[in-house]
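Structural overview
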Amino acid sequence: MFNFFFFQTFQLLILLKITLLIFDLFFIVFLFIVFKQVASTNSLINEIHDAFILKTIAIVNLIIALSLFFVAIAIL
Amino acid sequence: MERRDKNMPDIFVAKKKNTNPNKSIKQILTIDMPPKTTHHLHLISAFCEYPEHIKFVNQETDEVILLFLRRHFITNLRWIVIGAIFALIPFIFIILANFGTSLIQLPFKYSLMLTLAYYFILLNYFFVNFITWYFNISFVTEKRVVDIDFSGLVYKNLAATKLSLVQDVSYSQTGVIRSIFDYGDVFVQTAGSFENFDFSAVPHPAKVVGIIEDLIGKRGLNV
């Protein structure tokens, strides 16, 4: 006999996975905009002492978002 | 006819002014200027006189930055507190799950991914708010006033005006917190249809106004 409760849970998890992936994709786009803005503003205000730190954080964020996306595809 | 008795004591004797006719206005102004000691900018600097290691686009080679301004760091307290509260929310869910009162029971890998994504978004909330504060900068140079606006990640504006066009400088400091931490809004009014400048929530507004007023005054004498 088909377990309807299992089907409901399975549906919820699939929905959660798709939502997470779409959300992650949008977030990658958003972080790319953040990175572009940080880079362009750094060129507006040159030689700022901490520009390197901010740019690095922006790149690291982008890498984390990408890895979260791939991990979500792989394990969920 | 003026009569002066040498035996009579003087009630008031005006001090002789130490005027040196050889001293030019320029020399007087140079003496009055604050000492040009450069200051190192750190990550959360909001007020810095003669900052070093910083240049802005279109800066002339002989143009010295006199003042570097940002909003007072205390103005960031709002988003820091909001972020900290949101950082505690997953712990509430963990506590509820331990007591068995959680609404939905998710597999561990799903819970882990959701928690990671949540904290990552929160981290970026902090980061975006920080860079919005960080890139909102105002400069006062020997020649002009420069204001760089950066908000909402997509809005960026650089405005500058010559000091000779500045007509009036004023500041407002209202509220208990502003008085305690000594920060306020500085308004730079320019001549005619030129854009007015508004440095919001900058530290030591009276000092900022004083410096700009000095520059305008001295500029007037130099002309």
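Just so it is clear, the structure is predicted and the values come from calculations on it, not from any experiment. (Residues numbered from 1 in each chain as written. Chains lettered and ligands numbered in written order. Predicted model: local features only at pLDDT ≥ 70, side-chain atom pairs only at ≥ 80, totals over all residues.)

**Some details on the interface of chain B and chain A**
Contacts between the two partners involve 24 residues from chain B and, on the opposite side, 24 residues from chain A. Elements that contribute at least two residues to the side of chain B that touches chain A include exactly strand 2 (55–56), helix 3 (108–134), strand 5 (144–151) and strand 6 (155–162) of chain B. A per-element tally of the side of chain B that touches chain A places helix 3 of chain B first, with 10 residues. Taken together, the residues of the side of chain B that touches chain A break down into 19 nonpolar, 2 polar and 3 charged. (Contact = placed C-beta atoms within 7 Å. Helix = DSSP H or I, 4+ residues; strand = E, 2+ residues; numbered from the N terminus. Nonpolar A, V, L, I, M, F, W, Y, C, P; charged D, E, K, R; others polar.)

**Considerations on the nonpolar core**
If you look at the biggest cluster of nonpolar residues, it comprises 33 residues, and the most contacted ones within it are L69(B), F139(B) and V202(B). A per-element tally of this core places strand 3 (residues 65–69) of chain B first, with 5 residues. (Core = buried A, V, L, I, M, F, W, Y, C linked by C-beta atoms within 7 Å. Buried ≥ 20, exposed ≤ 12 C-beta atoms within 10 Å, placed from the backbone.)

**A short note on the packing of helix 2 (residues 77–98) of chain B against helix 3 of chain B**
Residues and elements named next belong to chain B. With their axes 10 Å apart at the nearest point, helix 2 and helix 3 run at an angle of 175° to one another. Taken together, helix 2 and helix 3 sit at an angle that is classed as roughly antiparallel. Where helix 2 abuts helix 3, its residues W79, G83, F86, A87 and P90 lie against T115, Y118, L122, Y125, F126 and N129. (Axes fitted to C-alpha atoms, helices over the stretch in contact; angles between N-to-C directions. Parallel < 35°, antiparallel > 145°, perpendicular 65-115°, else oblique.)

**Quick word on the sheet that holds strand 4 (residues 137–141) of chain B**
Residues and elements named next belong to chain B. One open sheet holds the 5 strands; their spatial order is 1-3-4-5-6, and the pairing between them is antiparallel. Since the sheet does not close on itself, it has two edges, and those belong to strand 1 (47–49) and strand 6, each with one partner. Recorded for the sheet is a direction-independent mean angle of 10° between the axes of neighbouring strands. (Pairing = 2+ DSSP bridges.)

**Looking at the domain arrangement of chain B**
The assigned domain composition of chain B is domain 1 (39–71 + 138–222) and domain 2 (76–132). Of note, the centres of domain 1 of chain B and domain 2 of chain B, computed from C-alpha atoms alone, are 38 Å apart. (Domains from an automatic or database assignment.)

**Describing unusual backbone geometry**
Residues and elements named next belong to chain B. Phi at A201 takes a positive value of approximately 55°, unusual for a residue other than glycine. Within the secondary structure layout, A201 lies in strand 9 (residues 197–203). Overall, A201 belongs to the buried group, with 21 C-beta atoms counted inside 10 Å. Positive phi values are uncommon outside glycine, yet H204 reaches one of about 45°. Along the chain, the position of H204 falls in the loop between strand 9 and helix 5 (205–222). On the basis of neighbour counts, which here come to 20 C-beta atoms within 10 Å, the residue H204 falls in the buried class.

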